[in-house]
Amino acid sequence: MDTQDRPVSRTEKTRRLIRDLDDMDFDVSNDLLEGLHDRIMSQIEKTEIEPPARVAKVRSHLKSHWRSWLYSGSTMGMLAAALTFGGVQVAQWLGPHEALANLDQVSQELVIEAAISPDDFSNTILTNVSTNDFFVDVALQSHENLSISEVNEILRTQ
Amino acid sequence: MERDLGTTDLELVERVKAGDRPSYSVLVRRHQKGLLRLSMRFVKDMDSAQDIVQDSFIKAYEKLNSFEGRSSFKSWLFQIAINTARNKLRENRHDMTDIENVHLAVGASAESSLVHSAVSEIISQEVEKLPFKQRTALVLRVYEDMSFKEIAEVMECPYDTAKANYRHALLKLRQVFEEQAELKNWTEEVGGFFMEVGHKYAEAE
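A brief report on the enclosed structure follows. (Residues numbered from 1 in each chain as written. Chains lettered and ligands numbered in written order. Predicted model: local features only at pLDDT ≥ 70, side-chain atom pairs only at ≥ 80, totals over all residues. Heavy atoms only, no water.)

**Topic: the overall build of chain B**
Part 1 of the argument: A count of helical and extended segments in chain B gives 10 helices and 0 strands.
Part 2 of the argument: The helix and strand sequence of chain B, counted from the amino end, reads α-α-α-α-α-α-α-α-α-α.
Part 3 of the argument: Burial analysis of chain B (205 residues in total) assigns 50% to the buried set.
Part 4 of the argument: Restricting to contacts in chain B with at least 6 residues of sequence separation, those with at least 24 account for 61%. (Helix = DSSP H or I, 4+ residues; strand = E, 2+ residues; numbered from the N terminus. Buried < 20%, exposed > 50% of the residue type's maximum accessible area, 1.4 Å probe, protein only. Contact = heavy atoms within 4.5 Å.)

**With respect to a negative patch on the surface**
Residues and elements named next belong to chain A.
Part 1 of the argument: On the surface, Glu109, Glu113, Asp119 and Asp120 cluster together to form a negatively charged patch.
Part 2 of the argument: Of all the elements in the fold, those that place two or more residues in the negative patch are α3 (54–116) and α4 (118–125).
Part 3 of the argument: The residue Glu113 is located in helix α3 in this model.
Part 4 of the argument: The class of Glu113 is partly exposed, set by a relative accessible area of 37%. (Patch = residues over 30% accessible without salt bridge, like charges linked within 9 Å, V, L, I, M, F, W, Y side chains within 5 Å. Areas by Shrake-Rupley, 256 points an atom, 1.4 Å probe, with all protein chains shown as cover. Salt bridge = Lys/Arg side-chain N within 4 Å of Asp/Glu carboxyl O. Lys, Arg positive; Asp, Glu negative; His and termini not counted. Charge placed at Lys NZ, Arg CZ, Asp CG, Glu CD.)

**Considering unusual backbone geometry**
All names here are of chain B.
Part 1 of the argument: One non-glycine residue, Asp145, lies in the positive phi region at around 55°.
Part 2 of the argument: Relative to the elements of secondary structure, Asp145 occurs in the loop between α7 (132–143) and α8 (148–155).
Part 3 of the argument: Classification of Asp145 by relative accessible area gives partly exposed; the value is 46%.
Part 4 of the argument: The backbone of Glu156 shows a phi angle near 50°, a positive value even though the residue is not glycine.

**Concerning the environment of Ile52 of chain B**
Residues and elements named next belong to chain B.
Part 1 of the argument: Inspection of the secondary structure puts Ile52 in helix α3 (residues 46–62).
Part 2 of the argument: Sequence separation between Ile52 and Ala81 is 29 residues, and the spatial gap between their C-alpha atoms is 6.5 Å.
Part 3 of the argument: Excluding residues that lie within four positions of it along the chain, Ile52 makes contacts with Ser39, Val43, Ala81, Thr84, Ala85 and Lys88.

**A few points about the nonpolar core**
What tends to happen in soluble globular proteins is that the nonpolar side chains get buried as a cluster.
Part 1 of the argument: In this structure, Ile18 of chain A together with Tyr24, Phe73, Leu138 and Leu140 of chain B are the most contacted members of the largest nonpolar core, which totals 66 residues.
Part 2 of the argument: A per-element tally of this core places helix α2 (residues 22–43) of chain B first, with 10 residues. (Core = buried A, V, L, I, M, F, W, Y, C linked by side-chain atoms within 4.5 Å.)

**Here we look at the pattern of salt bridges**
Part 1 of the argument: Under the counting rule described, the total for this entry stands at 11 salt bridges over all chains.
Part 2 of the argument: Residue Arg29 of chain B is joined to Glu34 of chain A by a salt bridge in which the shortest nitrogen-to-oxygen separation is 2.4 Å. Pair noted here: Arg29 of chain B is in helix α2 and Glu34 of chain A is in helix α2 (residues 30–45), and the two residues belong to different chains.
Part 3 of the argument: Between Lys149 of chain B and Glu153 of chain B there is a salt bridge, with its nearest N and O atoms 3.4 Å apart. Of this pair, Lys149 of chain B and Glu153 of chain B are both found in helix α8, 4 residues apart, which corresponds to roughly one turn of the helix.
Part 4 of the argument: The class for Lys149 of chain B is exposed, based on a relative accessible area of 55%.

**Describing the packing of aromatic side chains**
Here a ring pair, both rings aromatic, is described through the centre-centre distance and the interplanar angle of the planes.
Residues and elements named next belong to chain B.
Part 1 of the argument: Applying the stated rule across the entire model yields 8 aromatic pairs over all chains.
Part 2 of the argument: Its guanidinium or amino end placed over the ring of Phe148, Arg141 lies 4.7 Å from that ring's centre, counting from NZ or CZ.
Part 3 of the argument: Residue placement shows Arg141 over the ring face of Tyr166; its charged tip is 5.9 Å from the ring centre. (Phe/Tyr/Trp six-rings, centres within 6.5 Å; stacked < 30°, edge-to-face > 60°. Lys NZ or Arg CZ within 6 Å of the ring centre and 35° of its normal.)

**A short note on the packing of helix α4 (residues 73–91) of chain B against α7 of chain B**
Each packed pair of helices is defined by two parameters, the angle between the axes and the distance between the axes.
Residues and elements named next belong to chain B.
Part 1 of the argument: Running from amino to carboxyl end, α4 crosses α7 at an angle of 135°, the nearest separation of the two axes being 12 Å. Judged by the angle between their axes, α4 and α7 are oblique. Both α4 and α7 take part in a crossing whose hand is right-handed. Touching Phe78, Ile82, Arg86 and Leu89 of α4 are Phe132, Arg135, Thr136 and Leu140, all from α7.
Part 2 of the argument: Along the lines of polarity and charge, the residues of the contact of α4 with α7 split into 5 nonpolar, 1 polar and 2 charged. (Axes fitted to C-alpha atoms, helices over the stretch in contact; angles between N-to-C directions. Parallel < 35°, antiparallel > 145°, perpendicular 65-115°, else oblique. Left-handed = near helix turned anticlockwise from the far one by under 90°. Nonpolar A, V, L, I, M, F, W, Y, C, P; charged D, E, K, R; others polar.)

**Some details on the packing of α4 of chain B against α8 of chain B**
Residue and element names in this part refer to chain B.
Part 1 of the argument: Running from amino to carboxyl end, α4 crosses α8 at an angle of 50°, the nearest separation of the two axes being 8 Å. Here α8 runs oblique to α4, going by the angle between their axes. The interaxial crossing formed by α4 with α8 has right-handed handedness. On the side of α4, the interface is formed by Ser75, Phe78, Gln79 and Ile82, while α8 contributes Glu150, Glu153 and Val154.
Part 2 of the argument: Of the residues contributing to the contact of α4 with α8, the split by class is 3 nonpolar, 2 polar and 2 charged.

Next up, the structure:
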């Protein structure tokens, strides 16, 4: 809608009415303004600008001296965080793959070992002897001279 | 001094902060008339208005380091002047010049001028009765033609609050127009005139 066709709101009418009723005579002479200016400036000559408040000072200092460092520092920090997070993600992704690769290598070694000396392989590797059994064997061999009841006593205390 | 015509307020403020006191003279010359006019809206007396302007410029100078340039220098000065005017009104509540004398001093030989002056006087009195914030919003909007954004800066309040203060003030004055017979007759007389010139002032609100 063209501004010329826009209906004038009551609020706007009131505003114009008040403005039109403005009778304030404000023809100030240049002399008055010059005098006012001179009075102000003579006071200003005797006045000092107050030092900035501590908080404002710190903020201003940060703004003027450290802003560039803050920006670059925060950028570097974000980059480091991104790299760390990304590194963890990559490691988590690579972990299972690395284990699979190791498994392949171990199984190959086992096959070679079995092919070279099948007896050793079956005695040393393909065994279901547990650590406990091993200690029992050692105990039995170390205490051949012990009686059965003494051996049983030792075994009970284990 | 002419070399300073193109210099912005912010540049001058920075110079003054750096110790160039004469640059403040340029700022005073640039804003003293507007500040005087604004002060007159509150105190209705030239001597008091000049005191307000002087005090405002001195306060502004002292506190120049707290001016960060987030609003315009003019808005900041207006803010200081309005606070100074409010303090002066509180101090001299009973000593103010009678507003009737100010308005009756306007030469009014013709009958229409007399009516105009009388209505103007009623409106001035009603504006004075408004709460200070509403009055400030009204003065800045109607007489200083400030945007609501600028008014909000001067009054240090949200945009919507500035607008609400202005609207409340205007609604109260409209009520006065409608309630007082003298005003009602006059506004009906000039109603045609306002409709006619309305197009010239049309603006989006």
